[in-house]
There are 2 protein chains.
Amino acid sequence: MNAPPPPPAVQRDALHFLPLGGAGEIGMNLNLYACRGQWLMVDLGITFAGDSLPGIDVIMPDPAFIEERRDDLLAIVLTHAHEDHLGAVAYLWPRLRCPVYATPFAAAVLREKLRDEGLLSEVPLTEVALSGRLDLGPFALTLISLTHSIPEPNALLIETPYGRVVHTGDWKIDPDPLVGDPLDEAALRQAGEAGVLALVGDSTNATVEGESGSEADVRRTLAALIAEREHGLAVTLFASNVARLESVALAARDAGREPVLVGRSLQRYVRAARASGYLDGVRLLTEDEGAPLHKSQVVYLCTGCQGEPRAAMARIAGDSHPRVSLGTGDTVIFSSKIIPGNERPIGALHNRLVQQGVEVITEKDAGVHVSGHPCRDELRQMYQWVRPQIAVPVHGEARHMQAHGALARALQVPEPVLVENGDLLRLAPGPATVIGRAPAGRLALDGGQIVATDHVSIGARRKLMHNGAVFVSVVVDRGGRTLIAPMVSGRGILDGDDDEAARDTLSAAVADAVDGLPRKQARDGAALEEAARLAVRRAVKVSHGKRPVIDVQIVRVPG
Amino acid sequence: MNAPPPPPAVQRDALHFLPLGGAGEIGMNLNLYACRGQWLMVDLGITFAGDSLPGIDVIMPDPAFIEERRDDLLAIVLTHAHEDHLGAVAYLWPRLRCPVYATPFAAAVLREKLRDEGLLSEVPLTEVALSGRLDLGPFALTLISLTHSIPEPNALLIETPYGRVVHTGDWKIDPDPLVGDPLDEAALRQAGEAGVLALVGDSTNATVEGESGSEADVRRTLAALIAEREHGLAVTLFASNVARLESVALAARDAGREPVLVGRSLQRYVRAARASGYLDGVRLLTEDEGAPLHKSQVVYLCTGCQGEPRAAMARIAGDSHPRVSLGTGDTVIFSSKIIPGNERPIGALHNRLVQQGVEVITEKDAGVHVSGHPCRDELRQMYQWVRPQIAVPVHGEARHMQAHGALARALQVPEPVLVENGDLLRLAPGPATVIGRAPAGRLALDGGQIVATDHVSIGARRKLMHNGAVFVSVVVDRGGRTLIAPMVSGRGILDGDDDEAARDTLSAAVADAVDGLPRKQARDGAALEEAARLAVRRAVKVSHGKRPVIDVQIVRVPG
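This structure is a prediction, so every number in the text was calculated from the model and none was measured.

Draft legend 1. Examining the overall build of chain A more closely. Looking only at helices and strands, chain A features 17 helices and 27 strands. Across its three principal directions, the C-alpha atoms of chain A cover 85 × 65 × 45 Å. Considering chain A as a whole, with its 559 residues, one finds that 55% of them fall into the buried category. Put simply, of all contacts in chain A between residues at least 6 apart along the chain, 71% involve residues at least 24 apart.

Written out as structure tokens, the structure is:
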């Protein structure tokens, strides 16, 4: 093992930005600002592992760097309630133990998560009002309401002795967001007029020309589609998109149907929304309440728009949902995008519905979804308002951040700077410069434990997944000679009923290898183990063309 | 086990169609026709497993039904050389042992595969000329040249005592296919005029309005893009798309650059193309020949457009290719589509290139790709030419086949019929009717063996991949009491350096469980095993929150 690199030279009389997550990826945002020896964390989110890490669903940024400095960590401030911005708080807060600030809706969502992890009474969570102010050491924060695909998305105006930063969080320009405050253009302009040192912002759609569109357009489209259906009807959507949910509920009402929530995470977000004053007067039935009604009398709002196998939509499509059943003449609207990586499960879901005679409507067929992130025209508008000296693209993969940086350059931003997770960027004084590297990595939630993503167990599972495992126990006497036939079993290989002969052959091969060792070597446990392993490897390569994990236990019996 | 269902009632005096692969999926086509007790197979392809089957890459249709009737199987006729149409011949021919027919290019491609499997001298492979005829029992076949994304795509006009079938294979209407014969509109019209009972055809793009576009347009776009670059330049594409490959080669020549083939499968298809008279006079350098030239003097044609980790493009992006290196100012053109399921690896490839300063151009940015399958306007045209009584959509997922069927109905085809793999469809006499079900399944190439996709080993690997395995050996005396401490090891769980204490705890828990059994039970090996397994399961659930595969070997030592 090499010694770890020296810690980066965080300067006392300077303002720094350090992303530990979200720069180079869409997911698991963790942004840090440092000034005068004190640190501010903006967001602490998770991402999903996809198929890259067998047995792992949830991934989060490794906070080790800031954990070592947690005495100087003033707070975690959350921009909004999406999983990639607050999902890791319930897992990582015990390592950080600092105050947490969020607006009412994000706080309500976070409380549900903290309750699940038994942390609700421990975490000092403070609600900040929309457009509120917050003084944290050298950082004077003002929330600026933006628009996005969830209630209460905020930019942070961070005033420091070295200049102002606008940290956008996730945003778009929605002239009619339907739920919550409108985008606070005046506050952005005002910041721009006062002079902004740096804009640190969302790159998700930086490769997409034009504008992202408005929730109000989606509401009209959904209302028209729902009004013209006569049979069963389900809409699946991201559970956190409260405006979308309200759109479906209102369209259902106008069509003389009752909206019914199907799926646990919809219930949770509805609870959080109502607790924060949203969905006021919007009637939404629970599954129980909807159960007596015929499918033509309701609109089902369903979880599972990404093809998640245990969510409502997959169970309905598989005809295994206890209460909801759809068939010929019915319609399912996917009011959502496909998150990259989910194409196959979502395609399979569409096919299962189509096979049952259900009409499937997606954003390809009608305007039933808009993105929550700024396209290029919106980015242009933001830069006109804020006019920063420095642009720091975050919240994007390399291609998105590069496109964002190139656009900022084209818009005459003097210093567009590309960073990746772990880059310590000095924003001031002097030109924006990466002055060091902090360790940045990923942690995985593995069952109940949080482990490094390069943990030996995860690598071993990848090998097991491709090749299976062969277990051999060899019972030997003091001299290292087999006392009985070695036992051989396989998992993921050699475990078929038809493999019995192959297992017997392997047992014989192991016995031959062990008993064939010279007497001196036979006393050496490692030599016995290696001989047995080699015998298995060779035989399985020939018989199965595979290289399984091989686990040999040499059991030396006394006497 | 239930008894297998009775074989379907194949009628002697009738014409049947039976798909065993490709109906309900894009991949692994296997189509059968039966007439007067004899069978004809059209295509025998593979598909790729994606992440659904751990350890498996290649999937193929289970030919058991026709294998049992192979004495009545006249031949396999291949429509064209794509993997999903001929890729399984080299694996499944030994079970079928019948003559194989293909046009020269497909035959050349197949020969390479048969050579790999040691079957070249065994398989009776006959070349059929383009537009050639072939009499096979009650089936009189005429090849009709179509256009697609590979040389020599053929429809089969199948004349039988019960009527004519047009089996389209894969096709599009490309007015200027660049390589090979043009689409034989006259033959299609002529078939239509003579009267066609059924059209069995490609549904891939049946949900896409308009036309698929021409290779000639792509050639012009590529030529313009290549002409204007000055630095390093690579184009990645499907290796079988010979026209595309020729387009890049000609554009390189016009730009004063040498085209260099990078990647083994490109070499193979170029060999097959040259052997069949294509690419005549087109200069293409090997990697060796290109090695002395500077990257600004060449255009690299690369494999790996789908992000395959061991292919040329991934190695170039990872800066681990022995000969090709790209960086700032260079360009990579992805002259290909994204096959659904490959979004993540391809996105990661784009990001790695962008991080190295390479400009990435995809079909989103410029017209560098066209699909090889008919969009709705082309389907309309085909139906106008052929005017069948029956339309049988194949080569598509459920949603594509359903859209194809609905389009045929809208075009006044009297009998559009939706089938899935295993449906025995009687085409004549009488109205088209599914009269039975044949067993239809999938086989997987697992290392060197062909196994059922529900083989116990594959299921076990899925569990191993998520939870790992714990292996315990317990050495007991005749009475079932432990002689020494049980040995515990883990793979994918409990295998960290930090897990030693947990393994010791488990060993003690197993010993307690085994030695705590009543004397009578302790003599029963199964009871010992179950006691040990339960002890491990409980302890690991608490310590790791996981449910590993647990393999217990009870070793009873005599004396």
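Once you've had a look at it, read on.
Draft legend 2. Here's a closer look at the domain arrangement of chain A. Domain boundaries in chain A define domain 1 (15-210 + 371-452), domain 2 (215-361) and domain 3 (468-556). Each of domain 1 of chain A and domain 3 of chain A has a C-alpha centre, and the two are 54 Å apart.

Draft legend 3. Quick look at the sheet that holds strand S25 (residues 469-476) of chain A. All names here are of chain A. Read from one edge of the open sheet, three strands run S26-S25-S27, paired in mixed fashion. In this open sheet, the two strands that pair with only one neighbour each are strand S26 (487-491) and strand S27 (549-556). With strand direction ignored, the average angle separating the axes of adjacent strands in the sheet is 15°. Strand direction decides the pairing type here: S25 and S27, joined by eight bridges, are parallel. Counterpart to Ser 473 in the pairing with S27 is Gln 553. Relative to S27, helix H17 (residues 525-544) is tilted by about 140°, and along the sheet it contacts S25 and S27.

Draft legend 4. Quick look at the interface of chain A and chain B. Contact with chain A, which involves 52 residues of that partner, is made by 51 residues of chain B. Contributing elements (two or more residues each) for the side of chain A that touches chain B: helix H11 (343-355), helix H13 (398-410), helix H14 (456-467), S25, S26 and S27 of chain A. At eight residues, H14(A) tops the list of elements feeding residues into the side of chain A that touches chain B.

Draft legend 5. Focus on the nonpolar core. Counting residues in hydrophobic clusters, the biggest one holds 308 residues, and the most contacted among them are Leu301(A) and Leu301(B). Among residues more than four places away in sequence, those in contact with Leu301(B) are Val235(B), Leu237(B), Leu245(B), Val248(B), Pro259(B), Val260(B), Leu261(B), Val262(B) and Leu266(B). One finds Val476(A), Val510(A), Ala522(A) and Ile493(B) within the second-largest nonpolar core, a separate group that totals 60 residues.

Draft legend 6. Molecular detail of the environment of Gly447(B). In this structure, Gly447(B) sits in the loop between strand S23 (442-446) and strand S24 (449-452). By C-beta crowding, Gly447(B) is classed as buried, having 20 other C-beta atoms within 10 Å. With 74 residues separating them along the chain, Gly447(B) and His373(B) place their C-alpha atoms 33 Å apart. Excluding residues that lie within four positions of it along the chain, Gly447(B) makes contacts with His544(A), Gly545(A) and Lys546(A).

Draft legend 7. Representation of the pairing of strand S21 (residues 423-428) of chain A in the model. All names here are of chain A. Among the six residues of S21, six are classified as buried, and the element is accordingly described as predominantly covered. Inspection of the sheet shows strand S1 (residues 15-21) paired to S21 by three bridges, in the antiparallel sense. Counted as the bridge partner of His 16 is Arg 426 from S21. Bridge analysis of S21 against strand S22 (residues 433-437) gives four bridges, and the strand direction is antiparallel. Opposite Asp 423, over in S22, you have Arg 437 as the bridge partner.

Draft legend 8. The relation of the copies chain A and chain B, seen in detail. For the match of chain A to chain B, the screw axis carries a shift of 0.0 Å, the RMSD comes to 0.1 Å, and the turn is 180°. On the angle and the small slide along the axis, the relation comes out as a two-fold axis. It is Met465(A) whose C-alpha, among those of chain A, lies nearest the rotation axis, at 2.4 Å.

Draft legend 9. Looking closely at the packing of H14(A) against helix H14 (residues 456-467) of chain B. Two numbers describe how H14(A) lies on H14(B): the axes approach to 8 Å, and their chain directions differ by 175°. As far as their axial angle goes, H14(B) and H14(A) are roughly antiparallel. Together, Arg461(A), Leu464(A) and Met465(A) of H14(A) and Arg461(B), Leu464(B) and Met465(B) of H14(B) make up the contact between the two elements.

Draft legend 10. Representation of the environment of Ala406(A) within the structure. Here Ala406(A) shows up in helix H13. The spatial distance from the C-alpha of Ala406(A) to the C-alpha of Pro393(A) is 9.9 Å, given a sequence separation of 13 residues.

Draft legend 11. Region of interest: the sheet that holds strand S1 (residues 15-21) of chain B. All names here are of chain B. An order of S8-S7-S6-S3-S2-S1-S21-S22 is seen for the eight strands of this open sheet, with the pairing classed as mixed. Edge positions in the sheet fall to strand S8 (125-127) and strand S22 (433-437), since each of these pairs with one other strand and no more. Strand-to-strand twist of the sheet, defined as the mean angle between neighbouring strand axes without regard to direction, takes the value 25°. Pairing between strand S2 (residues 30-35) and strand S3 (residues 38-44): six bridges, direction antiparallel. Within S3, the residue paired with Tyr 33 across the bridge is Leu 40. The strands touched by helix H4 (residues 104-116) are strand S7 (100-102) and S8; relative to S8, the strand with the most contacts, the crossing angle is about 150°.

Draft legend 12. Main features of the packing of helix H4 (residues 104-116) of chain A against helix H8 (residues 264-275) of chain A. All names here are of chain A. Running from N to C, H4 and H8 point in directions that differ by 140°, and their axes come no closer than 8 Å. With respect to H8, the axis of H4 lies oblique. The crossing of H4 and H8 is right-handed. Mapping the contact onto sequence places Phe 105, Ala 108, Val 109 and Glu 112 in H4 and Arg 268, Ala 272, Ala 273 and Ala 275 in H8. By residue class, the composition of the contact of H4 with H8 is six nonpolar, no polar and two charged.

Draft legend 13. Expanded view of helix H12 (residues 376-386) of chain A. Residue and element names in this part refer to chain A. For H12, the set of buried residues is Glu 378, Leu 379, Met 382, Tyr 383, Trp 385 and Val 386. Viewed end-on, H12 has its buried residues packed into an arc of 160°, placing them on one side of the element. Looking at the buried positions of H12, the neighbouring elements they touch are strand S12 (163-167), helix H5 (185-194), strand S13 (196-202), strand S19 (388-394) and H13. Just past H12, the residue Arg 387 takes up positive phi, approximately 40°.

Rules and cut-offs
- Residues numbered from 1 in each chain as written.
- Chains lettered and ligands numbered in written order.
- Predicted model: local features only at pLDDT ≥ 70, side-chain atom pairs only at ≥ 80, totals over all residues.
- Helix = DSSP H or I, 4+ residues; strand = E, 2+ residues; numbered from the N terminus.
- Buried ≥ 20, exposed ≤ 12 C-beta atoms within 10 Å, placed from the backbone.
- Contact = placed C-beta atoms within 7 Å.
- Domains from an automatic or database assignment.
- Pairing = 2+ DSSP bridges.
- Axes fitted to C-alpha atoms, helices over the stretch in contact; angles between N-to-C directions.
- Core = buried A, V, L, I, M, F, W, Y, C linked by C-beta atoms within 7 Å.
- Least-squares fit on C-alpha atoms with pLDDT ≥ 70 in both.
- Parallel < 35°, antiparallel > 145°, perpendicular 65-115°, else oblique.
- Left-handed = near helix turned anticlockwise from the far one by under 90°.
- Nonpolar A, V, L, I, M, F, W, Y, C, P; charged D, E, K, R; others polar.
- Arc of directions from axis to C-beta.

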